[in-house]
Amino acid sequence: MPPPDEKRRRFEAMYAANHDPVLGYVLRRTADPHDAADVLAETFLTAWRRLDDVPPDDQTRPWLYGVARRVLANHRRGERRRLALGDRLRADLADRPAVEVSADLRPIMEALDGLPERDRELLTLVGWEDLDAGQIAIVLGCSRNAVRIRLHRARRRFTRELERRGALFEMPAPQVGVANGDPA
Amino acid sequence: MNPELLIRKAAPVTDEEAAAMVRPQTRADLADRIMATTAEDITAEDTFAEAPRKVSPRRRLLYGVAVVGVTAAAAVVVTSSATPGQRVGPVQVGPPSAQAAALSFSREGDYLIVKVKDPVADPARYRREFAARGLNVDLTLAPSSPKRAGSVLFLEDDGDVQVITAEGACGPETCGVGVKIPSSYTGHVNVVFGRTARPGEQYDTAPGDTPGEGVGLSDVKGRTVADVLAEAARRHITRIEYRYEEDGSDQPYPNGVPADKVDKNWYVHDALAGSEGQVIIFVGPEPTG
């Protein structure tokens, strides 16, 4: 057990570095500000309680995404917990203007919605959170190799969903330095 | 081929946008509260576990209008404006001409200007008067805070329709709001304006309203609990939860203070709109927490 001050210092550093990305992760996956506030609060509460389990450096953020993902899944199953901790955040988020996806991008969201949850999570972790296969393995708690195989299949199913909707997109060519620099 | 690049373009929110939604003090407050939790709080967590929420469609829809779309908003319109004893639907007394018009129509160049003369009319009347001129328009006024009165709470159209707002000047008796429709317009329009709520009438704005205001408890800071409860009662707000604050701390009530422990002479520091019409009031023995 680190001394209390050391524990606080570690938590504060982790919180400062990851508050926005974790909030972004949550808000990209739920439109409900109340749920988003609760998931964020519960994710960091979990991190505080289990501070010694939080992996260091560039593994921290994927670990937090993994916690947020499980909390969010519980919320979707109706196992909501309203944390007093999240009250002020709830009010801030509830004040935000509603976000509307522009019409030309809507088929992309519809194609994503048409996929199994597992595929959607993989593709969005790459597209929205910019994670590579190794980091995704931490979020999902599986092997890097399993991520590569699943990602490959998820891409195929997504492309089929888009085509089925008759959406014509010019697929951008992969660029150097793209997050999934781990081609399947 | 790289589908993720397409998916990236469709990200609903960026991290930067998410960051901008949270006030700096909210961000610091959450970290402090988390670090102030103790082992007792953790074992007591079941005490603030909540059963699955009952979803109130009306509030939810108004919040989500921009995302959810037209049909949802149309449902809002009808339910939110029908008060007990009000005639809704096909029931009508006498021919339309025998009733004072709820709308006024005038022409301005290539536009038809429609203004609301009776802001508390049945929305079916607005629809009929629009229809009589060949227009497919659903217009409603929903009770709101004075601040939102006269502003547009929701608009759905096929483009080109403009709205005439009278922000903050839309009492129950007069209303300058309206719509400006191109003469050539043939599509459907759905617009909801705010109007000042009548005494005791619940605001029909969303949880996204200004904190404390969507539930009718603005300007509560520094007032006594008794005073604020009286106002809540006037507005028929019954679902209230309390949070304790004294000298920057929420001890000894980190998970909220039970109503029977709240002294009516305490002070209110803040009131936030909780989920589904509930109000969360921050209280303590000192005027500020």
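Rules and cut-offs
- Residues numbered from 1 in each chain as written.
- Chains lettered and ligands numbered in written order.
- Predicted model: local features only at pLDDT ≥ 70, side-chain atom pairs only at ≥ 80, totals over all residues.
- Heavy atoms only, no water.
- UniProt positions renumbered as here; feature names shortened; annotations may be inferred.
- Axes fitted to C-alpha atoms, helices over the stretch in contact; angles between N-to-C directions.
- Helix = DSSP H or I, 4+ residues; strand = E, 2+ residues; numbered from the N terminus.
- Parallel < 35°, antiparallel > 145°, perpendicular 65-115°, else oblique.
- Left-handed = near helix turned anticlockwise from the far one by under 90°.
- Contact = heavy atoms within 4.5 Å.
- Nonpolar A, V, L, I, M, F, W, Y, C, P; charged D, E, K, R; others polar.
- Buried < 20%, exposed > 50% of the residue type's maximum accessible area, 1.4 Å probe, protein only.
- Polar contact = N/O pair within 3.5 Å; in protein donor to acceptor, adjacent residues only side chain to side chain.
- Salt bridge = Lys/Arg side-chain N within 4 Å of Asp/Glu carboxyl O.
- Patch = residues over 30% accessible without salt bridge, like charges linked within 9 Å, V, L, I, M, F, W, Y side chains within 5 Å.
- Areas by Shrake-Rupley, 256 points an atom, 1.4 Å probe, with all protein chains shown as cover.
- Lys, Arg positive; Asp, Glu negative; His and termini not counted.
- Charge placed at Lys NZ, Arg CZ, Asp CG, Glu CD.
- Pairing = 2+ DSSP bridges.
- Core = buried A, V, L, I, M, F, W, Y, C linked by side-chain atoms within 4.5 Å.
- Domains from an automatic or database assignment.

In the annotation of an unreviewed UniProt entry, the entry for chain A reads Sigma-70 family RNA polymerase sigma factor, and the organism field reads Planotetraspora phitsanulokensis. In UniProt, chain A has this text filed under Sequence similarities (unreviewed entry): "Belongs to the sigma-70 factor family. ECF subfamily."

Asks: Go over the packing of helix H1 (residues 4-27) of chain A against helix H3 (residues 60-76) of chain A, please, and point to the residues and values.
Replies: All names here are of chain A. At a minimum axis separation of 10 Å, H1 and H3 run at an interaxial angle of 45°. Judged by the angle between their axes, H1 and H3 are oblique. The two elements H1 and H3 cross, and the hand of that crossing is right-handed. Residues Met14, Ala17, Asn18, Pro21, Val22, Tyr25 and Val26 of H1 form the contact with H3, whose participating residues are Thr60, Arg61, Leu64, Tyr65, Ala68 and Arg69. Along the lines of polarity and charge, the residues of the contact of H1 with H3 split into nine nonpolar, two polar and two charged.

Asks: Can you break down helix H4 (residues 87-94) of chain A residue by residue, with the values?
Replies: Among the eight residues that make up H4(A), eight are buried, leaving the element largely enclosed by the rest of the structure. Burial in H4(A) covers these residues: A:Asp87, A:Arg88, A:Leu89, A:Arg90, A:Ala91, A:Asp92, A:Leu93 and A:Ala94.

Asks: Break down helix H7 (residues 133-140) of chain A for me, with residues and values.
Replies: Residue and element names in this part refer to chain A. With respect to burial, H7 is a largely interior element, six of its eight residues being buried. Those residues of H7 not exposed but buried are Ala133, Gly134, Ile136, Ala137, Val139 and Leu140. Turning to H7, the residues buried within the fold contact H3, helix H6 (117-127) and helix H8 (144-164). Capping the start of H7, Asp132 holds a side-chain oxygen 3.1 Å from the backbone nitrogen of Gly134, two or three residues further along. After H7 finishes, the residue Gly141 shows a positive phi value of roughly 70°.

Asks: Go over the pattern of salt bridges, please, and point to the residues and values.
Replies: Inspection of every chain in the model, using the stated rule, returns 33 salt bridges over all chains. The partner of B:Arg33 in a salt bridge is B:Glu245, with the nearest N and O atoms 4.0 Å apart. Within this pair, whereas B:Arg33 is found in helix H3 (residues 24-36), its partner B:Glu245 is found in the loop between strand E8 (240-244) and strand E9 (267-273), the two being separated by 212 residues in sequence. Through salt bridges with shared partners, a single ionic network connects A:Arg28, A:Arg29, A:Arg69, A:Glu117, A:Glu121, A:Glu129 and B:Asp15.

Asks: I'd love a proper account of the packing of helix H2 (residues 33-49) of chain A against H3(B), names of residues and values included.
Replies: Between H2(A) and H3(B), whose axes approach to 10 Å, the crossing angle comes to 45°. On the basis of the axis angle, H2(A) is oblique to H3(B). In terms of crossing hand, the pair formed by H2(A) and H3(B) is right-handed. Contacts between H2(A) and H3(B) pair A:Leu40, A:Ala41, A:Phe44, A:Leu45 and A:Trp48 from the former with B:Leu30, B:Ile34 and B:Met35 from the latter. Looking at the contact of H2(A) with H3(B), its residues break down into eight nonpolar, no polar and no charged.

Asks: Break down the environment of A:Trp48 for me, with residues and values.
Replies: With respect to the helices and strands, A:Trp48 occurs in helix H2. In contact with A:Trp48, not counting residues within four places along its chain, are A:Lys7, A:Arg8, A:Phe11, B:Ile34, B:Met35 and B:Thr37.

Asks: How would you sum up a positive patch on the surface? Please name residues and give values.
Replies: Residues and elements named next belong to chain A. On the surface, Arg118, Arg153, Arg156 and Arg160 cluster together into a positively charged patch. The element contributing the most residues to the positive patch is H8, with three residues. With relative accessibility at 40%, the residue Arg153 sits in the partly exposed group.

Asks: Before we move on, can you summarise the side chain of B:Thr37 with the specific residues and values?
Replies: By the element assignment, B:Thr37 lies in the loop between H3 and helix H4 (39-43). According to the relative accessible area criterion, B:Thr37 is buried, its value standing at 17%. Here B:Ile34 takes part through its backbone oxygen, which lies 2.6 Å from a polar atom of the side chain of B:Thr37. With near-sequence residues (within four places) excluded, B:Thr37 lies in contact with A:Leu45, A:Trp48 and A:Leu85.

Asks: Outline the sheet that holds strand E4 (residues 152-156) of chain B, supporting the account with residue identities and numerical values.
Replies: Residue and element names in this part refer to chain B. Read from one edge of the open sheet, three strands run E3-E7-E4, paired in mixed fashion. The open sheet has two edge strands with one neighbour each: strand E3 (136-144) and E4. Within this sheet the neighbouring strands show an average axis-to-axis angle of 10°, counted without direction. Pairing geometry for E3 and strand E7 (residues 188-196), over nine bridges, is parallel. Within E7, the residue paired with Ser144 across the bridge is Thr196.

Asks: Talk me through the nonpolar core; I want residue IDs and the actual numbers.
Replies: Counting residues in each nonpolar core, the largest one holds 63 residues, and the members touching the most others are A:Phe11, A:Leu93 and A:Phe158. Ranked by the residues each element gives to this core, the list is headed by H2(A), at nine residues. Counting contributing residues, this core receives three or more from each of domain 1 (4-94) and domain 2 (106-164) of chain A. The contacts of A:Phe158, once residues within four sequence positions are left out, are A:Ile108, A:Ala111, A:Leu112, A:Leu115, A:Leu123, B:Pro3 and B:Ile7. Counting residues in hydrophobic clusters, the runner-up holds 25 residues, among them B:Phe130, B:Ala149, B:Val179 and B:Val189.

Asks: How would you summarise the sheet that holds strand E5 (residues 162-164) of chain B if you had to cite specific residues and measurements?
Replies: Residue and element names in this part refer to chain B. Strand order across the open sheet formed by four strands is E1-E2-E6-E5, with antiparallel pairing between neighbours. The open sheet has two free edges, formed respectively by strand E1 (103-108) and E5, since each of these has just one partner strand. Taking each pair of neighbouring strands and ignoring which way they run, the sheet shows an average axis angle of 25°. This element, helix H7 (residues 123-132), spans E1, strand E2 (111-116) and strand E6 (178-182) of the sheet and lies at about 35° to E1.

Asks: A description of the pairing of E2(B) should follow, citing residues and the corresponding values.
Replies: All names here are of chain B. Pairing between E1 and E2: six bridges, direction antiparallel. Bridge assignment links Arg107 to a residue of E2, and that residue is Leu112. Here E1 folds back onto E2, and the loop between the two strands holds two residues, one of which, Gly109, carries a positive phi near 60°. Two strands pair when backbone bridges link them, and E2 and E6 are joined in this way by five bridges, in the antiparallel orientation. Bridging across to E6, Tyr111 finds its partner in Pro182.

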